[in-house]
Structures are given as structure tokens and as C-alpha cells.
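What follows is each chain in one-letter form.
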Amino acid sequence: MPLRLYNTLSRRVEPFRPADPGRVTFYSCGPTVYDDAHVGNFRSFLAADLLRRFIQSPMCELENDARPASERAAGRRVVHVMNITDVGHMTDDAEGGENGEDRMAVAGRRLEEAKKAGKLPPGASIDPRDPYAIAEFYAQRFLQDARTLGLGVAIDAQADPTLMPRPTKMISQMLEMIAKLIDKGHAYVAGKSGQRAVYFRVQSFPPYGTLSGNTLDQLRAGAGGRVSDENQSGKEHPADFLLWKEDRSHIMKWPSPYGEGYPGWHIECSVMAANRLAGADGTIDLHSGGEDNIFPHHECEVAQSCSASGSPVFARVWFHARHLFINGQKMSKSKGNFYTIRDLLEKGHQAGAIRLALINTHYRTNADFTEQGVRDAQRMIDRWRKVADAAPADAADASPLPDMPVLRDVAACLSEDLNIAGALGAINTFVSGIGTPTPADARAMRAIDRVLGVLSLERAATSTTDIGVFIDGLSPDPGVIAKLHERAAAKKAKDFARSDAIRGELSAMGLAIKDIAGGKVEVSRIK
């Protein structure tokens, strides 16, 4: 069954037909590195990663793939690019990004306060006054988190850094595109010297609003919080958006024909996608992001990219993931339900379980993330791993896939707009029906995991002593070991009150214990 995806542009599920079925071009809007990415950010990133993994898998069929069977059986190449925004993302982006503050400056103040309070992240040595150092600090933390969760583009970028470009490295290319838009009549310079701005002329691009469903009349009236009176001076139309802002006082600035200043947020992605992915006609196959990117960011990208290239299409398919809630509520630090990947790992959750909990709800449905959901995901993974580990991985894993119903069922579900619930149901039915796993079962499970990407992720280390098995990355603690020995002696003396009391003492320390074979005790974090 060929892959079908919901296209935000057409507002329907349609067959995915890349320009070259053997080489798919895919651009994802990535993080702005002024803070650690949270689980809501990663929901969008991992939805794109799931799609990327499925497209490159031999399990995925494409309607227009006429390559020989031997080539199709080997899968296909997906060139996946994700930006790391390190400039130009302002605090007032909803109003056009002209009078707000660069988020790097906000991060600098936050880090300065943390430094004074002695609360910088462990191992951090950073000058809060240096925006480049701030961006690099959070970029590296993001990349570490992303690789921990198996984000393919972050792993590939270790060998090819051009797959994760940064705006600060592409200012000259942005200025080239801005000049081209001005020459073609799609952009104009407004304001006097020292206060100049370059705007995109939305009336020069009639399809503007098609992706988001907005109209210029709505935007003229200020629909969607896009227009503020303060930003309208010099604009031809209220919806005209910023390409370059002259501002010599800005924390990050570059020389330009329009004065020393900084780029608008939207121009960055148009340039980075075109530079690394776009073909001669200026188009790419896929573009992804969170649903909050649809307007204004992606709408503006379409206008810029199509106007610069002359092509009526920028991305053939637009793929947007919906929001993530925490225990049924919006994430908020004040509510105590704001999770980063590091927070969850420190609580003892495994990377694979976090990843599965973030991808196991259909991407076009709002997801509710809970720690109980992570624990449920871990139990599922533990069952799958018993099957995958039944036979060692070998050269046969790279040969054509075995013809097994579970592979056909999973492929059929994922081919229908990434029906992840159906795919998980097929996998669990398959696993439940296995008595003793065979090598073929193990190969099938590993083939599925090359799409889901959970079994291969690093597991927290296990440490064993004479009495304790410390899991979840816990290090054996002499005080805990002493309590385990005292508990063993109490149980032997049938002093069950003392034995239970010791369990309670360990629980108060955040530790759970379970008696296991061989007279040992498994010690884990309470989750």
C-alpha cells in the first residue's frame, strides 16, 4: 500500500509523490537555542523522525516509485535537514518581530541570574553576555538530547554538519535572497537611514494565505494577532513581514545594503532549505514543523521561497504535528509540569520509553504526556526486546525483509498517514502470539524498530553487588547496600516489621526495591 499523508496545503490525505522516489528531500523547522528543548518541542521533531525513518525503510512503498525491485528492497535515501536557529527569533514574533528582544538576550539575562545564584547547569562555563556562546551552549545540549532520543538528522549531522545549518552562518545567502526579492518587486525598503527595514510585499504574491487559510482582508483587520499599530509605519500592507531590520544596538548584527542589523525569522528557513535541499525548480518534497508554525512562519516561507525561485510550489507536502499537553494541561514551569528530556532521564526513565511515549499518539491529534505513559511504554519495549534479542543481529538483517504478516500489517498502518496506533496494535498482537521467538521473529522485530527507533537506544547502566542489582543508571551506594544487608538479616530472623521499615526508609530516599532470583534485590528509582 503506497504511503498517503495529510498535506496541510491541500487539507486532505493524499499519496506522497516525491520528485525522485529514490532520494526524498525533507526540511524540518528545528529549535531556537535560547533554552533547553522541552518534550513538546520533541514531539514535533520525533514525529518528523518517524516519518523520515518510515520513508527510508523498505517497508514503505511510494506510488510513483518505478525503480527496480532490488533497489526498492534496499529502501531509499532521505536527505533530512533541520535548522538550529541562533539569531532573529524575537519575543514579539507574533506581531512581526520588529520591536521585541532577541531571545538570545533573554537567555543571557536568565543565565546571568543563574550564575549569580550558583545555579548554572552542571559543567557549564559560559559568558552570559556572549550571544554566540549562549547559542552554542544550548545547541550542544539540544544535540545531545536529540541523539539520546535517536533523532536521525542529529546523528547524521555528526558526519555532515550542513544537515543542521545555523542562520548566523548564512547571513550572506539571506542578503542574496532579499536582494533577489527586491529586484523582482516582491520586497521593498522602508524607513530612513538608521531605521530602515526590508519588508516582503504580500500583495505581490496572490497565493499568500493559502497554507494557513488566512486572507489579506483578515490580515488587514489584524487577524491572528499578527498586526500591531506600532509596526505599521512604512508598510504598504499590514501583513507585509520583515526580511531585514536595521538596528545597530541589536545584540547580534551584520552589515548589509540596508544598514547594520539582523534578519527576520522567516527568511532564515527559506534560505537554509533552498541552500541544502531545493532542486533546480526551487522545490522540496517535505516540510515539517509544529502546528503553531503554520502561520505566520510557514506561510511566509512559502511566499519568500516561491517568489525567489519563480516556482508555484515550495514544499510538495506540509506535515504539521499538533500540541502536547502534560497530564491534560498546557506545559507551564509554574505548574511544575514542564519537562525537558534531561528531567525525565534524571527521574530514571529510559530514552526508548520517552521516545515511544512521544510518538505513540497520532501526530494530528493533541497528545497527553504523562509519566505513567512513559512507564507503560517501557513495559511495551521490554516485551519487544525479548523478541528482538532472541537471535543476534547479523548480515541477514540487511537482506530483503522476511515475508511476515506483522511487517505487512505495520507497513499498511503507517502508510495510512502514519497510523501509529494501528501499527502498535499489530506489533503487540504479533508479540503476544509468540511462544518461543525464532530468528525470523527477531529479524522482523528489528526491522520494525528501524522505523520506531526505540530498542536501539542506549539503556541506563546496571550495576551489581553481592546483594543488590542497581538499575536505571543508579550507582551502588554503601549506605543503601548496608540497608539491604540489614533487611536480609531481618527477613532471615523473621523480623518482618523491621524488614518493612527498611523498605520504607529506602522509599523515603526515592528508591524502590524488589526481591529477585539468587537472593538479590533489584534497586530502582521510584517513578
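As a starting point, this report considers the structure included with it. This structure is a prediction, so every number in the text was calculated from the model and none was measured. (Residues numbered from 1 in each chain as written. Predicted model: local features only at pLDDT ≥ 70, side-chain atom pairs only at ≥ 80, totals over all residues. Heavy atoms only, no water.)

What follows deals with the environment of Met174. Looking at where Met174 falls in the secondary structure, it is placed in helix 6 (residues 171-183). Each C-alpha atom of the pair Met174 and Tyr132 lies 19 Å from the other, and the pair is 42 residues apart in sequence. The residues contacting Met174, other than those within four sequence positions of it, are Pro167, Pro263, Ile267, Glu268 and Val271. (Helix = DSSP H or I, 4+ residues; strand = E, 2+ residues; numbered from the N terminus. Contact = heavy atoms within 4.5 Å.)

What follows covers the side chain of Asp36. Mapped onto the elements, Asp36 comes out in the loop between strand 3 (23-28) and helix 1 (39-56). Polar contacts involving the side chain of Asp36 include one to the side chain of Arg141, which spans 2.8 Å. Beyond its immediate sequence surroundings of up to four residues, Asp36 is in contact with Tyr138, Arg141, Thr340 and Arg342. (Polar contact = N/O pair within 3.5 Å; in protein donor to acceptor, adjacent residues only side chain to side chain.)

On to unusual backbone geometry. Cis rather than trans, the peptide bond between Phe295 and Pro296 has omega equal to 5°. Tracing the chain through its elements places Pro296 in helix 9 (residues 294-309). Here the phi dihedral of Arg11 falls at roughly 60°; this positive angle occurs in a residue that is not glycine. Take Arg11: its relative accessible area is 41%, and that puts it in the partly exposed class. A positive phi is found at Leu418, a non-glycine position, where the angle reads about 55°. In this structure, Leu418 sits in the loop between helix 13 (405-415) and helix 14 (420-432). (Buried < 20%, exposed > 50% of the residue type's maximum accessible area, 1.4 Å probe, protein only.)

Looking now at the sheet that holds strand 14 (residues 468-470). Within the open sheet, the four strands sit side by side as 13-14-16-15. Their pairing is mixed. Every interior strand has two partners, whereas the edge strands, strand 13 (463-464) and strand 15 (511-516), have only one. Direction of pairing for strand 13 relative to strand 14: antiparallel, over a ladder of two bridges. Looking at the pairing, Thr464 lines up with Val469 of strand 14. On top of the sheet, helix 16 (residues 478-492) reaches strand 14, strand 15 and strand 16 (520-525); it is set at about 45° to strand 15, its chief contact. (Pairing = 2+ DSSP bridges. Axes fitted to C-alpha atoms, helices over the stretch in contact; angles between N-to-C directions.)

Side chains that carry opposite charge are capable of pairing whenever their charged atoms lie near each other. If you walk through the whole model with that rule in mind, you get 29 salt bridges. Ionic pairing is found between Arg76 and Asp65, a salt bridge with its closest N-O pair at 2.8 Å. Placement of the pair is Arg76 in the loop between helix 2 (69-73) and strand 4 (77-82) and Asp65 in the loop between helix 1 and helix 2, with a sequence separation of eleven residues. Look at Arg76 and you get buried, because its relative accessible area is 8%. With a closest N to O distance of 3.0 Å, Asp145 and Arg342 form a salt bridge. Of this pair, Asp145 sits in helix 4 (residues 131-148) while Arg342 sits in helix 10 (residues 341-346), and the two are 197 residues apart along the sequence. The exposure class of Arg342 is buried, given its relative accessible area of 18%. (Salt bridge = Lys/Arg side-chain N within 4 Å of Asp/Glu carboxyl O.)

Turning to the packing of aromatic side chains, a few remarks are in order. The description of two aromatic rings rests on the distance between their centres and on the angle between their planes. For the structure shown, the criterion picks out ten aromatic pairs. Pairing Tyr208 with Phe241 gives two aromatic rings, centres 6.1 Å apart and planes at 20°, and the pair type is stacked. Here the residue Tyr208 occupies a position in the loop between strand 6 (197-200) and helix 7 (216-220), and Phe241 occupies one in strand 7 (residues 241-246), the gap between them amounting to 33 residues. Taking relative accessible area as the criterion, Tyr208 reaches 4% and is therefore assigned buried. Following the ring pairs from residue to residue traces out a cluster consisting of Phe42, Phe45 and Phe142. For the cation-ring pair, Arg364 lies above Tyr6, with the distance from its terminal atom to the ring centre recorded as 4.2 Å. (Phe/Tyr/Trp six-rings, centres within 6.5 Å; stacked < 30°, edge-to-face > 60°. Lys NZ or Arg CZ within 6 Å of the ring centre and 35° of its normal.)

This next bit is on the sheet that holds strand 6. The strand order 5-6-7-8 describes an open sheet built from four strands, whose pairing is antiparallel. Across the chains shown, the open sheet's two edge strands, defined by having one partner strand only, are strand 5 (187-190) and strand 8 (261-263). Within this sheet the neighbouring strands show an average axis-to-axis angle of 20°, counted without direction.

Right, let's talk about helix 14 for a bit. For helix 14, which comprises 13 residues, the first-to-last C-alpha distance of 18 Å matches the rise-based estimate of 18 Å (1.5 Å per residue) to within 8%. Taken residue by residue, helix 14 has Ile420, Ala423, Leu424, Ala426, Ile427, Asn428, Phe430 and Val431 as its buried positions. Summarising the contacts, the buried residues of helix 14 are in contact with helix 1, helix 11 (351-359), helix 12 (371-388), helix 13 and helix 15 (439-452). (Expected span 1.5 Å × (residues − 1).)

Let us look at the pairing of strand 16. As defined by bridge partners, strand 14 adjoins strand 16 across three bridges and the pair is classed as parallel. Its bridge partner lying in strand 16, Gly468 is registered against Val521. As defined by bridge partners, strand 15 adjoins strand 16 across six bridges and the pair is classed as antiparallel. Considered in strand 16, the bridge of Lys514 is made with Glu522.

That is the geometry; function is a separate question.
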